[in-house]
Amino acid sequence: MDYKKLAELLFPEIAAAPEDYEAKYPARDLPEGAKVTRLGPSPTGFIHLGNLYGAFVDERLAHQSGGIFYLRIEDTDDKRYVEGAVDIIINSLRFFGINFDEGATMDGDIGQYGNYTQSQRGEIYQCYAKKLVEEGKAYPCFLTEDEIAEIRAGQEADKVNPGIYCEYARCRDLTLEEIEANINAGKPYVIRLKSDGKPVPAGEEAKKIQVEDAIRGMLEMPENYQDVVILKTTGIPTYHFAHVVDDHLMRTTHVVRGAEWLPSLPIHVELFEKLGWEQPIYCHTAQLMKLDEEGNKRKLSKRKDPELSLDYYRNQGYHPAAVREYLLTILNSNFEEWRMVNPDAPIDEFEFTTDKMSNSGALFDLNKLNDISKDVLLKIPASELYDFLKSWAEEFKPEILHIFEDRDYLERILDLGRNDNKPRKDLVYAQQIIEFISYFFDDMLKIEDEMPAEVPAEDVKAILDAYLATYDHSDDQSMWFDKIRTIATEMGYAAKPKDFKRHPEEYKGHVGHVSTVIRIALMGRAQSPDVWEIQQILGEERTRSRIANY
Ligand code: GLU
């Protein structure tokens, strides 16, 4: 067979030679050890925690080493292309502190290695498919869906591995004349790799390939033997072929991708070999898992778990620093230890490494994120929190923007109990914070809890009247509490809870019940930070009017 003639027959319009692309996309001029990574999302507009998890690895590897992190849009499958998806991807990741140096943007490409959108790279893929055909390493295959189904049925009956390979690859040995006749007859065809691999007869050892994965260590897998499709009937490449061509020409050094791609690694190894290129370093990340209600580990699912979507974190108003901090704890097993030793160090000082990554499922746990968020928010000054909450509210809760009118008031609220020796950790995410502090604003004050059962209705009124009568806004904390104690004892409540516990028959209740009455009148809640401090923030007028109007 004259493969050169075949290649010309199949790709008459491809004039460029592989050398032209090699010259156009030369090795990158980067310092020794600099890593080049990429994110290759499909533009469906849905960007999820798994993308963020992978992007974080890419970003750290590139930016820690003085390398490049770029965005490539993988739009060769039939998934829906959502208008504005590129912007969604870039903005969602930017919010979490992940920035691309190069690649696709809404306003066109940035960088010398484009085009960065796969659907625009047709000629490049075809050029390399042509090269493989020319070298007898790929061929056109005219099998119809029905014929493939028939082959598969036969394979099932014979109990042999399914697929198009060896003797089942019926188009491998077509003559040039047969191919020409098929093309002239308008028969559609794909281009398949002519694999050198062999399936292993049952009971025998498969020929193995070895790949050193940066996360998983040395992988040993049976070699590929399938004549996989590299160009579909439309001339569009499959993921396998696009991955190999793009990551070579874009000079990617590290391919970070999900574990779902592990089974096709042997195909990629063979493709790199047939094209005569060096493989990148593969980093196959673990699946994100969660514990379900029964305590079983399962994959996060788009349908069942709203927290899989990145929008969830923005809607809820998680601070990006908290999400970053949390992701690092599940990404690198030594991060928490590092954080303990370096409580105040900027997070980017932590040296991220792929060999400290888990290769079994990474467990995602919202409660743990919330705990970490409490610690992270504690370190963020109130003025910054104010700005963060305001920009969140502008986007997600404009109806509460009035709470930002008095900056000083809101900052004091946010700082409540945060500067003590044992600071309170009440603040978790914007949605929760707004709910938590809502009682400071008259229009959002709700009476949520009931008065304590120990205090009859007439006592409630008497307590509040006495409180108002003796209230002096300038009392210090101990003077203020002495007055509550006096009111309590005068009305038959124990001055100390332990007295009440010892002799419940002698009292109606204790001072705690009395102060709960005041708390509920002021805040509508039986639980809150320190009442005296809250009153200092509310101010005298608001304090008095709430007590008077309960
Ligand atoms: N487009 C592929 C995906 O969304 C990218 C995989 C890769 O990073 O190679 O899964």
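Please refer to the structure placed before this passage.
Residues numbered from 1 in each chain as written. Predicted model: local features only at pLDDT ≥ 70, side-chain atom pairs only at ≥ 80, totals over all residues. Heavy atoms only, no water.

What follows is about the overall build of the chain. Of regular secondary structure, the chain possesses 22 helices and 15 strands. At 33 Å, the chain has a C-alpha radius of gyration far larger than the 24 Å of a compact globule built from 550 residues. On the principal axes, the C-alpha backbone points of the chain span a range of 110 × 50 × 45 Å. Residues classed as buried in the chain amount to 51% of the 550 residues present. When contacts within the chain are restricted to residue pairs at least 6 apart in sequence, long-range pairs at least 24 apart make up 74% of them. Approximately 26,700 Å² of the chain is accessible, and the part contributed by carbon and sulfur atoms is 49%. Across the chain, the centroid of the 66 positively charged side chains sits 2 Å from that of the 99 negatively charged ones. (Helix = DSSP H or I, 4+ residues; strand = E, 2+ residues; numbered from the N terminus. Rg over C-alpha atoms; globule rule 2.2 N^0.38 Å. Buried < 20%, exposed > 50% of the residue type's maximum accessible area, 1.4 Å probe, protein only. Contact = heavy atoms within 4.5 Å. Areas by Shrake-Rupley, 256 points an atom, 1.4 Å probe, with all protein chains shown as cover. Lys, Arg positive; Asp, Glu negative; His and termini not counted. Charge placed at Lys NZ, Arg CZ, Asp CG, Glu CD.)

Our focus in this paragraph is the pairing of strand β5 (residues 190-193). Residues of β5 alternate between two faces, with Val190 and Arg192 on one and Ile191 and Leu193 on the opposite face, all of them buried. The pairing of strand β4 (residues 138-141) with β5 spans 4 bridges and is classified as antiparallel. Across the sheet, Pro140 pairs through a bridge with Ile191, a residue of β5. Looking at chain direction, β5 and strand β8 (residues 229-231) are connected through 2 bridges and run antiparallel. Residue pairing for β8: Ile191 is matched across the bridge by Leu231. (Pairing = 2+ DSSP bridges.)

Turning our eyes to something else, we now look at the nonpolar core. Of all hydrophobic cores here, the largest spans 167 residues; its most connected members are Leu93, Phe241 and Phe440. Excluding residues within four positions of it along the chain, Leu93 makes contact with Leu39, Ile47, Leu52, Ala55, Ile98, Phe100 and Leu310. (Core = buried A, V, L, I, M, F, W, Y, C linked by side-chain atoms within 4.5 Å.)

Right, let's get into the pairing of strand β2 (residues 68-71). Along any regular strand, the residues point their side chains to alternate faces of the sheet. Where burial is concerned, the two faces of β2 agree: the one with Ile68 and Tyr70 and the one with Phe69 and Leu71 are both buried. When strand β1 (residues 36-39) meets β2, the two strands line up parallel, connected through 4 bridges. Paired with Thr37 across the bridge in β2 is Phe69. At this point the chain moves from β1, through helix α3 (residues 49-64), to the parallel β2, and the crossover so formed is right-handed. Across 2 bridges, β2 lies against strand β3 (residues 102-103) in parallel orientation. Opposite Tyr70, over in β3, you have Glu102 as the bridge partner. (Right-handed = clockwise from strand over helix to strand, strands pointing away.)

A few words on unusual backbone geometry. Most of the time, phi is negative for any residue but glycine, and the peptide bond is trans. At the junction of Gly114 and Asn115, the peptide bond is cis and its omega measures out at 5 degrees in the coordinates. Position of Asn115 among the secondary structure elements: in the loop between β3 and α5 (122-134). Of note in this structure, Cys166 is not a glycine but carries a positive phi near 40 degrees. Following the sequence through the fold, Cys166 ends up in the loop between α6 (145-158) and α7 (176-184). Of note in this structure, Arg251 is not a glycine but carries a positive phi near 60 degrees. Residue position: Arg251 is located in the loop between α8 (239-249) and β9 (254-258). The exposure class assigned to Arg251 is buried, which follows from its relative accessible area of 18%.

A few words on the packing of aromatic side chains. Taken as a whole and judged by the stated rule, the model has 26 aromatic pairs. The rings of Tyr312, Tyr313, Tyr318, Tyr326, Phe364 and Tyr429 are connected pair by pair, giving a single aromatic cluster. Residue placement shows Arg28 over the ring face of Tyr113; its charged tip is 4.0 Å from the ring centre. The ring of Phe95 is capped by Arg314, whose NZ or CZ atom sits 4.5 Å from the centre of that ring. (Phe/Tyr/Trp six-rings, centres within 6.5 Å; stacked < 30°, edge-to-face > 60°. Lys NZ or Arg CZ within 6 Å of the ring centre and 35° of its normal.)

Glancing now at the site of the ligand. In the vicinity of the ligand, the contacting residues are Arg38, Gly40, Glu74, Tyr239, Val256, Arg257 and Trp261. Tyr239 is positioned such that a nitrogen or oxygen atom in its side chain is 2.4 Å from an oxygen atom of the ligand. A total of 300 Å² of accessible area belongs to the ligand in isolation, and the protein chains cover 78% of it. Of the residues in the shell around the ligand, the class split is 3 nonpolar, 1 polar and 3 charged. (Near = heavy atom within 4 Å. Polar contact = N/O pair within 3.5 Å; in protein donor to acceptor, adjacent residues only side chain to side chain. Nonpolar A, V, L, I, M, F, W, Y, C, P; charged D, E, K, R; others polar.)

It is worth spelling out the sheet that holds β4 at this point. Across the sheet, 3 strands lie side by side as β4-β5-β8; this open sheet has antiparallel pairing. Each edge of the sheet is formed by a strand with only one pairing partner; in this case those strands are β4 and β8. The sheet shows a mean angle of 45 degrees between the axes of neighbouring strands, direction not considered. Those strands touched by α5 are β4, β5 and β8, and its axis lies near 125 degrees from that of β8. (Axes fitted to C-alpha atoms, helices over the stretch in contact; angles between N-to-C directions.)

Pairing in this open sheet of 3 strands is mixed, and the strands run β12-β11-β13 from one edge to the other. Of all strands in the sheet, those with a lone pairing partner are β12 (297-299) and β13 (362-363), marking the two edges. Strand direction decides the pairing type here: strand β11 (residues 288-291) and β13, joined by 2 bridges, are parallel. Of the residues in β13, the one forming a bridge with Leu288 is Ala362.

Let us look at the packing of helix α1 (residues 3-10) against α5. Relative orientation of the contacting elements α1 and α5 amounts to 150 degrees, with a least axis distance of 8 Å. The orientation of α1 with respect to α5, classified from their angle, is roughly antiparallel. In the crossing of α1 with α5, the sense of the turn from one axis to the other is right-handed. Along its contact with α1, which presents Tyr3, Lys4, Leu6, Ala7, Glu8 and Leu10, the element α5 presents Lys130, Val133 and Glu134. Class assignment of the residues belonging to the contact of α1 with α5 gives a composition of 5 nonpolar, no polar and 4 charged. (Parallel < 35°, antiparallel > 145°, perpendicular 65-115°, else oblique. Left-handed = near helix turned anticlockwise from the far one by under 90°.)

Within the secondary structure, Leu308 is located in the loop between β12 and α10 (310-316). C-alpha of Leu308 to C-alpha of Thr233: the two residues are 75 residues apart in sequence and 35 Å apart in space. Apart from residues lying up to four places away in sequence, Leu308 is in contact with His48, Leu49, Leu300, Ser301 and Lys302.

A few words now on helix α21 (residues 531-538). With respect to burial, α21 is a largely interior element, 6 of its 8 residues being buried. Three or more residues of α21 are buried, namely Val531, Trp532, Ile534, Gln535, Ile537 and Leu538. On its buried face, α21 sits against α15 (407-415), α17 (457-470), α18 (477-490), α20 (511-523) and α22 (540-549). Measuring from the side-chain oxygen of the N-cap residue of α21 to the backbone nitrogen of Trp532 gives 3.2 Å; that N-cap residue is Asp530.

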